[in-house]
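Chains, contacts and geometry: an overview
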Amino acid sequence: MSHAALPEWLLPMWRDLHARRDRLPHALLLTGASGSGKRVFAEHLCQALLCRRPDAQGFACGECEDCRWAASGNHPDILRVVPAADQDEANDDSEATEAATKKEKARSSQILIDQVRTLQAALELGAGGHAGGRRIVILEPAEAMNVAAANALLKLLEEPGQGLLFLMIAHAPKRLLPTIRSRCQVLAFPRPSDADTVGWVREGGIPNAAALLGFCGGLPLLAERMHESGLDTIRRQLAEELARLPASDPLKLAAQWDARLKAKDAAERGFDLASLISWIQRWLSDGARGALGLPARFYADFQTELTRLSGGQHAAWIACFREFHTYRAVAHHPLNARLLLEELFLVLHRRTSPPRKPR
Ligand SMILES: [Zn+2]
């Protein structure tokens, strides 16, 4: 269940923009960590600026014609520019995707100059918007523009049409051309406080809110996405199996995770070998902390298991954590994923099992 309302910690920024909604610059650059609320904020702002009857706080009414268009994703005055790989995910032809060469895949994760030219043509055609009012371009992620696309966009930013607003969302703004950055007003999204976020995530019906937030580095929207996509269930399954690892067969576990990674829904959820390795590393980092009597940061809901497993074995857990850096480096292009998984679980089994008591 998604939150329809804007999260509370974004309200100060909202009030500031609302107070100057008639004097907004023509380009806003929304920056901040993934999951800090940039997209939710952009969608709210977009709808509010096009709404015919916004309320006293400036939020969209949700009922007028413009609001209904915006909600259906078909508003003629909202133009979206995203990498091809992020378009029409639902209609994705998986065979065609598999057949695509690596080069094409790399290209499809960029925003290309043709997309900016198409945008330019659309802006020229419908200048002034369908009702002579605002038009909004949402560009995400802005750092996905290649140099040619960025230079083409620069021309649009230099001569913005009447009523035009660019909302550029950037997770890594430093990768943007400085000339682009300097033409935008930056809205920096802060990391919300723990008290703000735990309450908000819990309201969203997430039972283990505090633990999941810890796993997500305190980023509530990331936590919500993990919960909704079922990734949190995978996280807990991994932790339960790692907690039982000393008494399990590591090769059998490797086979099970190999199958889970190959399952169709794994890619849809954004779960891959690199995530699995990074999640295991977080487990090892928590175990090393547990051995020193420190609380878990990522698996707070498995504190008891971690403390029991790692008791006194700080050095072994840290060594294993470091060893996993090597696996991380090859995670995106393993020669043989199954073999890598087998090695990985064998190492884990050896390093994180409590030492046998001398007879
Ligand atoms: Zn409305």
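Residues numbered from 1 in each chain as written. Predicted model: local features only at pLDDT ≥ 70, side-chain atom pairs only at ≥ 80, totals over all residues.

1. Remarks on the nonpolar core
Judged by nonpolar contacts, the single largest core of 45 residues is most densely connected at Leu212, Ala223 and Tyr299. The element that contributes the greatest number of residues to this core is helix α15 (residues 273-291), accounting for eight residues. If we skip the residues at most four places from it in the chain, Tyr299 touches Phe215, Ala239, Trp283, Asp286 and Leu306. Formed by 40 residues, the second largest nonpolar core is a distinct cluster that contains Leu28, Leu30, Leu153 and Leu167. (Core = buried A, V, L, I, M, F, W, Y, C linked by C-beta atoms within 7 Å. Buried ≥ 20, exposed ≤ 12 C-beta atoms within 10 Å, placed from the backbone. Helix = DSSP H or I, 4+ residues; strand = E, 2+ residues; numbered from the N terminus. Contact = placed C-beta atoms within 7 Å.)

2. Observations regarding the confidence of the model for the protein chain
Mean pLDDT over the protein chain works out to 86, with 90% of the residues at or above the 70 mark. A low-confidence stretch, residues 89-99 (pLDDT under 50), is modelled with one contact involving residues beyond four sequence positions or located in other chains. (pLDDT = per-residue confidence, 0-100.)

3. Focus on the environment of Pro334
Note that Pro334 resides in the loop between α17 (314-330) and α18 (337-352). Counting along the chain gives 61 residues from Pro334 to Leu273, while the straight-line C-alpha distance between them is 9.0 Å. Sequence-distant contacts of Pro334, that is, excluding residues within four places in its chain, are made with Leu273 and Leu340.

4. Description of the environment of Glu8
Along the chain, Glu8 falls in the segment before α1 (11-19). The class of Glu8 is partly exposed, set by 13 C-beta atoms lying within 10 Å. Linking Glu8 and Pro192, residues 184 residues apart in sequence, is a C-alpha distance of 9.4 Å. Residues in contact with Glu8, not counting those within four places in the same chain, are Asp196 and Trp200.

5. Some thoughts on helix α3 (residues 65-72)
Among the residues making up α3, those that are buried are Asp66, Cys67 and Ala70. The arc enclosing the buried residues of α3, seen along the axis, measures out at 100°, which places them on a common side. Exposed positions of α3 whose direction lies more than 90 degrees from the buried face are Glu65, Arg68 and Ser72. In this structure, the buried side of α3 is in contact with α2 (38-50) and β2 (78-81). Just downstream of α3 lies Gly73, where phi reads positive at about 80°. (Arc of directions from axis to C-beta.)

6. Some thoughts on the environment of Ala266
Following the sequence through the fold, Ala266 ends up in helix α14 (residues 264-269). Put simply, Ala266 and Leu231 are 35 residues apart on the chain and 9.0 Å apart in space, counted from C-alpha to C-alpha. Not counting the four nearest positions on each side in its chain, Ala266 is found in contact with Arg260, Leu261, Phe271 and Asp272.

7. Topic: the packing of α17 against α18
Relative orientation and spacing of two packed helices are given, respectively, by the angle between their axes and the distance between those axes. At their nearest, the axes of α17 and α18 sit 10 Å apart, and the two run at 170° to each other. With respect to their mutual orientation, α17 and α18 come out roughly antiparallel. Facing α17, whose interface residues are Ala316, Trp317, Ala319, Cys320, Glu323 and Tyr327, α18 presents Leu340, Leu344, Val347, Leu348, Arg351 and Thr352. (Axes fitted to C-alpha atoms, helices over the stretch in contact; angles between N-to-C directions. Parallel < 35°, antiparallel > 145°, perpendicular 65-115°, else oblique.)

8. Description of the packing of helix α9 (residues 194-203) against helix α11 (residues 220-229)
Across the interface, α9 lies against α11 with an axial gap of 10 Å and an inter-helix angle of 25°. Taken together, the axis directions place α9 and α11 in an arrangement best described as roughly parallel. In this structure, α9 meets α11 at a crossing whose hand is right-handed. Across the interface between the two elements, Thr197, Trp200 and Val201 from α9 touch Pro220, Ala223 and Glu224 from α11. (Left-handed = near helix turned anticlockwise from the far one by under 90°.)

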